[in-house]
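Report on the structure
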Amino acid sequence: MEGAGYRVVFEKGGVYLHTSAKKHQDPDSLIAGVIRVVEKDSDVLLQWVPVEDAGDSTQILFSKKDVSGGDSCTSEEEPTFDPGYEPDWAVISTVRPQSRHSEPTRGAEPSSPRGSWAFSVSLGELKSIRRSKPGLSWAYLVLVTQAGGSLPALHFHRGGTRALLRVLSRYLLLASSPQDSRLYLVFPHDSSALSSSFHHLQLFDQDSSNVVSRFLQDPYSTTFSSFSRVTNFFRGALQPHPEGASPDLPPPPDDEPEPGFEVISCVELGPRPAVERAPPVTEEEWAHHVGPEGRLQQVPMLKARIFSGGLSPGLRREAWKFLLGYLSWEGSAEEHKAHVRKKTDEYFRMKLQWKSVSPEQERRNSLLHGYRSLIERDVSRTDRTNKFYEGPENPGLGLLNDILLTYCMYHFDLGYVQGMSDLLSPILYVIQNEVDAFWCFCGFMELVHGNFEESQETMKRQLGQLLLLLRVLDPPLCDFLDSQDSGSLCFCFRWLLIWFKREFPFPDVLRLWEVLWTGLPGPNLHLLVACAILDMERDTLMLSGFGSNEILKHINELTMKLSVEDVLTRAEALYRQLTACPELPHNVQEVLGLVPPAEPQSPSPPTSPLPLSPTRAPPAPPPPEDTAPQPDSSLEILPEEEEEEEESAES
């Protein structure tokens, strides 16, 4: 249904108002009507109108009842049965939110006494939605506005609550409370409240200078030692802030904290498509893309082939230089030679900066001394089982050390952070040239340097994006993890920090990284790789009755047991399944790169330094060894709410 300036995108009949809480409703207490979602001008409205007035959806106004009169709704009679909602909502509430329109307009007068219950409210004015208990004769919804009043309870005698929520999720974020599975909070899709809350992620103790080290070495016990603060990760994410208060400031001490909420999206995905991986790109196939003057041709097609099949081992040494931005895809062979000569000179000038520092000078340079100590310690235990790095006097270890120290001269602000040696090792193994490996490593760090920044804003954002994707892909799995105090997904920290380097066998890491470096099919395929791993393990996690202890132990024990081809196949299938959904929320589209990201808002400066920071030189004294607390045996899986069978037609 469309008209001048408005369009009905959803309509459902058989939606009643109950004006009496008695078990046996008399006909006069039931008001049949139609619920609609209407796009009008630049706004989206939720409208209900009685059947006799349902013909004109453009003139409905939010009618306000007289709360001081002797309305039958004010009867103090207690309900004679459990209606499934609080007594305050047992009959239609007469406390109605203020309309945005100050005066009635033509056509707004009700055509009958029942027409006085018609309402129209902007979706932006909604604060929360409460669903009925399962097992009732019919489902209902109670909508509460930002002004604090509740709209009349809408009883869906012919089904349709699920369809309505799905339509609303196109325009809103719905947030479900683990303490009250029937309550949803409502937020606009810009999700600024969610993003701002990450400034106060309290995953770790105040003494967290070695958190990256602990995650890399033992994510199992490190995660458990942090659970006392894990619940704060998303607790404030969707909390409304008092008017005028900064979202970056914690609530006043006397405020009671709201229950924890997590982002959900009422989206129904289609079937997951079948995906088949292609064979690796061979040297012969690569040669067919080399044109006159050594320029590569049909580069998009070549990248697509690398994404779908990876590279043959003999081709990696050349192709990785392009994938990591060291060599230009458009350059000629002569231009590449000139570029390499220039970058070689630049590398050795930076290397000379730290090589020329005498031991006496270094004693007065605590920063350089700290970098050197930390690098030597990390290099000594990086991939020592690989033949390229095994043995006490292996020259590969010296190259790792020199490249990482030179990177400290290249990127003074970042320096060296633990975990970087894990990213350099495969690159040096493949490239086998100090200078070329350094610049390829710099290209990789351009992609992931945010993972190692002291603020950890990038890691927090990625964990939030991962949770958002998983919530859309598999809500039951998210609910299960929530019920076991594992909903923060902090056990995925190491996965994202060093791009699954320690989760796959070394050859599989090479394949995984070259696929991710193509940037296809979108900018965050590594998040879908994480989703794919969790999807592969969902039945084991959910059907084995695992608690939080067992979940983390199981995830940690997946190391070196995963097949990269299976994971990549599933990750691509998840991407196709998501992108085929016509109702995909806008923020999910942003994560997948389907739409440009929204302009970030400048956050207010934090009132105190963030506690989460990577290990950086000079290294702090090692903390006491963490011990894993026992899981909370009182946690139970919330019963899954019964869904309605009947679906509504959408216009």
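Residues numbered from 1 in each chain as written. Predicted model: local features only at pLDDT ≥ 70, side-chain atom pairs only at ≥ 80, totals over all residues. Heavy atoms only, no water.

Turning our eyes to something else, we now look at the overall build of the protein. Within the protein, the secondary structure is distributed over 23 helices and 11 strands. Looking at the 651 residues of the protein, the share that counts as buried comes to 53%. By element, 51% of the accessible surface of the protein is carried by carbon and sulfur atoms, the whole surface being about 29,900 Å². (Helix = DSSP H or I, 4+ residues; strand = E, 2+ residues; numbered from the N terminus. Buried < 20%, exposed > 50% of the residue type's maximum accessible area, 1.4 Å probe, protein only. Areas by Shrake-Rupley, 256 points an atom, 1.4 Å probe, with all protein chains shown as cover.)

With that settled, the discussion passes to the side chain of Glu 583. You can see Glu 583 is positioned in the loop between α22 (564-579) and α23 (586-592). A distance of 3.2 Å separates polar atoms of two side chains, one belonging to Glu 583 and the other to Arg 170. (Polar contact = N/O pair within 3.5 Å; in protein donor to acceptor, adjacent residues only side chain to side chain.)

Formed by 116 residues in total, the largest nonpolar core has its most connected members in Met 420, Ile 427, Phe 452, Leu 528 and Val 529. Both domains that furnish three or more residues to this core are identified here as domain 2 (313-447) and domain 3 (456-594). Here Ile 427 is in contact with Trp 320, Leu 324, Gln 432, Ala 437, Cys 440, Phe 441, Phe 444 and Trp 517, once residues within four sequence places are set aside. Core analysis: the next-biggest nonpolar cluster, separate from the first, contains 30 residues, Val 9, Ile 31, Leu 126 and Leu 143 among them. (Core = buried A, V, L, I, M, F, W, Y, C linked by side-chain atoms within 4.5 Å. Domains from an automatic or database assignment. Contact = heavy atoms within 4.5 Å.)

The next point concerns the packing of aromatic side chains. Two aromatic rings, taken as a pair, are described by how far apart their centres are and by the angle between their planes. Evaluation of the coordinates by the stated rule reveals 20 aromatic pairs. Where Tyr 410 meets Phe 438, the ring centres are 5.8 Å apart and the plane angle is 85°; that geometry is what we call edge-to-face. Taken together, the residues span a long stretch of sequence, with Tyr 410 in helix α13 (residues 395-410) and Phe 438 in helix α15 (residues 434-448) at a distance of 28 residues. Under the relative-accessibility criterion, Tyr 410 is labelled partly exposed at 32%. Taking the centre distance of 6.0 Å and the plane angle of 35° together, the rings of Trp 495 and Phe 500 count as tilted. Judged by relative accessible area, Trp 495 falls into the buried class, the value being 3%. (Phe/Tyr/Trp six-rings, centres within 6.5 Å; stacked < 30°, edge-to-face > 60°.)

Working definition: two side chains of opposite charge can pair if their charged atoms are close together. Evaluated as defined, the whole model comprises 35 salt bridges. For Lys 351, the salt bridge identified is with Glu 434, shortest N-O distance 2.8 Å. Of this pair, Lys 351 sits in helix α10 (residues 333-355) while Glu 434 sits in helix α15, placing them 83 residues apart in sequence. With a relative accessible area of 11%, Lys 351 lands in the buried category. Among the salt bridges present, the one from Asp 422 reaches Lys 501, with a minimum N-O distance of 3.5 Å. One end of the pair, Asp 422, is in helix α14 (residues 420-431); the other, Lys 501, is in the loop between α18 (493-497) and α19 (506-517), and 79 residues separate them in sequence. Like Asp 422, the residue Lys 501 is buried in the burial classification. The structure contains a network of salt bridges with shared partners spanning Arg 162, Arg 166, Arg 170, Glu 268 and Glu 583. (Salt bridge = Lys/Arg side-chain N within 4 Å of Asp/Glu carboxyl O.)

Turning next to the environment of Tyr 416. Relative to the elements of secondary structure, Tyr 416 occurs in the loop between α13 and α14. In this structure, the C-alpha to C-alpha distance between Tyr 416 and Ile 375, residues 41 residues apart in sequence, is 7.5 Å. Here the side chain of Tyr 416 touches Asp 378 through a polar contact of 2.7 Å, side chain to side chain.

This paragraph deals with the packing of helix α12 (residues 366-379) against α13. Contact pair α12 / α13: the axes reach a minimum separation of 10 Å and the direction vectors enclose 150°. In terms of crossing hand, the pair formed by α12 and α13 is right-handed. Each of Leu 368, Tyr 371, Arg 372, Ile 375, Glu 376 and Val 379 in α12 lies in contact with α13, whose residues at this interface are Leu 397, Leu 400, Asn 401, Leu 404, Leu 405, Cys 408 and Met 409. Of the residues that constitute the contact of α12 with α13, the class distribution is 10 nonpolar, 1 polar and 2 charged. (Axes fitted to C-alpha atoms, helices over the stretch in contact; angles between N-to-C directions. Left-handed = near helix turned anticlockwise from the far one by under 90°. Nonpolar A, V, L, I, M, F, W, Y, C, P; charged D, E, K, R; others polar.)

Right, let's talk about the environment of Met 560 for a bit. Counting through the fold element by element, Met 560 comes out in the loop between α21 (548-556) and α22. For the pair Met 560 and Lys 501, spaced 59 residues apart in the sequence, the C-alpha separation amounts to 9.9 Å. Ignoring anything within four residues of it in the chain, the contact list for Met 560 reads Arg 502, Glu 503, Phe 504 and Pro 505.

Scored by pLDDT, the protein comes out at a mean of 76, with 68% of its residues at no less than 70. Between residues 56-111, whose pLDDT stays under 50, and residues either more than four places distant or in other chains, the model counts 105 contacts. A low-confidence stretch, residues 223-265 stays under pLDDT 50, and its non-local contacts, those more than four residues away or across chains, total 105 contacts. (pLDDT = per-residue confidence, 0-100.)

It is worth spelling out unusual backbone geometry at this point. For the bond running from Leu 520 to Pro 521, omega is -10°, close enough to zero to count as cis. For Pro 521, the position within the fold is in the loop between α19 and α20 (525-543). One non-glycine residue, Glu 293, lies in positive phi territory at about 65°. The topology assignment puts Glu 293 in the loop between α7 (283-288) and α8 (299-309). You can call Glu 293 exposed: its relative accessible area is 56%.

The next subject is the pairing of strand β3 (residues 30-40). Buried residues dominate β3, accounting for 9 of its 11 residues. When strand β2 (residues 6-18) meets β3, the two strands line up antiparallel, connected through 10 bridges. Across the sheet, Tyr 16 pairs through a bridge with Ala 32, a residue of β3. Direction of pairing for β3 relative to strand β4 (residues 43-50): antiparallel, over a ladder of 8 bridges. By the bridge assignment for β4, Val 38 is matched with Leu 45. In textbook terms, the turn of a hairpin is the stretch between consecutive antiparallel strands, and for β3 and β4 this stretch comprises 2 residues, one of which, Asp 41, has a positive phi near 55°. (Pairing = 2+ DSSP bridges.)

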